[in-house]
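Chain by chain, the residues:
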Amino acid sequence: MKYSVDKQEKYTIFKLNEEKMDSSIAPNVKSELITLHAEGVKNIILDLSEVKYTDSSGLSALLVGNRVVGEDGGAFVLSGLSDHTMKLIKISQLDSVLNILPTTEEAVDAVFMTEIENELKSGREGDSDGL
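Each value, and the rule that gives it
In every chain, residue numbers begin from 1 and rise along the written sequence. It should be noted that, the model being predicted, local features are given only for residues of pLDDT at least 70 and side-chain atom pairs only at 80 or more, the latter also being counted only at that level, while totals for whole chains, interfaces and linings use all residues. Processing note: side-chain calculations cover all non-hydrogen atoms of the structure and skip hydrogens and water entirely. Aromatic rings from Phe, Tyr and Trp, with only the six-membered ring used for Trp, were paired whenever their centres fell within 6.5 Å, and each pair was classed as stacked if the ring planes differed by under 30 degrees, edge-to-face if by over 60, and tilted otherwise. Segments assigned H or I by DSSP are reported as helices when at least four residues long, segments assigned E as strands when at least two residues long, and all are numbered from the N terminus. For each residue, the accessible area found with a 1.4 Å probe, counting protein chains only, is set against the maximum for its type, and the residue is called buried under 20%, exposed over 50%, and partly exposed in between. When the NZ atom of lysine or the CZ atom of arginine is within 6 Å of a ring's centre and also within 35 degrees of its normal, the charge is said to sit over that ring. pLDDT runs from 0 to 100 and stands for how confident the predictor is about each residue. In this scheme, strands are said to pair when DSSP sees at least two bridges between them. Axis definition: a line fitted to C-alpha atoms, limited for helices to the stretch in contact. Angles are taken between N-to-C directions and run from 0 to 180 degrees. Roughly parallel means an angle under 35 degrees; roughly antiparallel, over 145; roughly perpendicular, 65 to 115; everything else is oblique. Contacts between residues were defined by any pair of non-hydrogen atoms, one from each residue, lying within 4.5 Å. Under the grouping applied here, Gly and all other residues not named as nonpolar or charged are polar, the nonpolar ones being Ala, Val, Leu, Ile, Met, Phe, Trp, Tyr, Cys and Pro and the charged ones Asp, Glu, Lys and Arg.

Draft legend 1. View of the packing of aromatic side chains. Taken as a whole and assessed by the stated rule, the structure comprises 2 aromatic pairs. Seen in terms of ring centroids, Tyr3 and Phe14 are 5.1 Å apart; in terms of plane orientation they differ by 15°. Their pairing is stacked. With Tyr3 in strand E1 (residues 3-7) and Phe14 in strand E2 (residues 12-16), this pair connects stretches of sequence that are 11 residues apart. According to the relative accessible area criterion, Phe14 is buried, its value standing at 0%. Centre to centre, the rings of Tyr11 and Phe112 are 5.9 Å apart; their planes meet at 85°, and the pair counts as edge-to-face. Taken together, the positions of Tyr11 in the loop between E1 and E2 and Phe112 in helix H4 (residues 104-129) put the pair 101 residues apart, joining distant regions of the chain. Directly above the ring of Tyr53 sits Lys20, whose terminal nitrogen or CZ lies 6.0 Å from the centroid.

Next up, the structure:
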């Protein structure tokens, strides 16, 4: 499986450099996403701009990433989806579950917005404890 990982302070961009995210690739994508999370990465941007075809096992990998990152309050954002992948997500009614943005730049902005929201929420909770 060909991919790149770009680790930043607040997020990591995982770019899949494959044309297909199918049953031959999806298990590796799942394990990489789980490994990144286990290494302490809170926010993951999955750049699928090279992927032209996705099947149900690819969707499963996306859902695993979304679940493990979401359980810790992190952001899991998909970017650069092909028309085929987007249609599959919509047919599966996962477009309301997954956070999908057109570009990686927009995904980075979304991660920062999530971080700000989480900080505000935790700050508010801290204020109410003193009352």
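There is more to say, and it comes next.
Draft legend 2. Here's a closer look at the confidence of the model for the protein chain. The share of residues in the protein chain with pLDDT of 70 or more is 94%, and the mean pLDDT across the chain is 92. The lowest-confidence element of the protein chain is H4, averaging 83 in pLDDT; the highest-confidence one is strand E4 (residues 44-47), averaging 98.

Draft legend 3. Broad picture of the pairing of E4. Side-chain alternation along E4 places Ile44 and Leu46 on one buried face and Ile45 and Asp47 on a second face that is also buried. Alignment of E4 against strand E6 (residues 76-79), held across 4 bridges, turns out to be parallel. Across the sheet, the residue bridging to Ile45 is Val77, located in E6.

Draft legend 4. Geometry of the packing of helix H1 (residues 26-38) against helix H2 (residues 56-71). Between H1 and H2, the shortest axis-to-axis distance is 8 Å and the interhelical angle comes to 10°. Of the possible angle classes, the one that applies to H1 and H2 is roughly parallel. Together, Ala26, Val29, Lys30, Leu33, Ile34 and His37 of H1 and Ser57, Gly58, Ser60, Ala61, Val64, Gly65, Val68 and Val69 of H2 make up the contact between the two elements. When grouped by side-chain class, the residues that make up the contact of H1 with H2 number 8 nonpolar, 5 polar and 1 charged.

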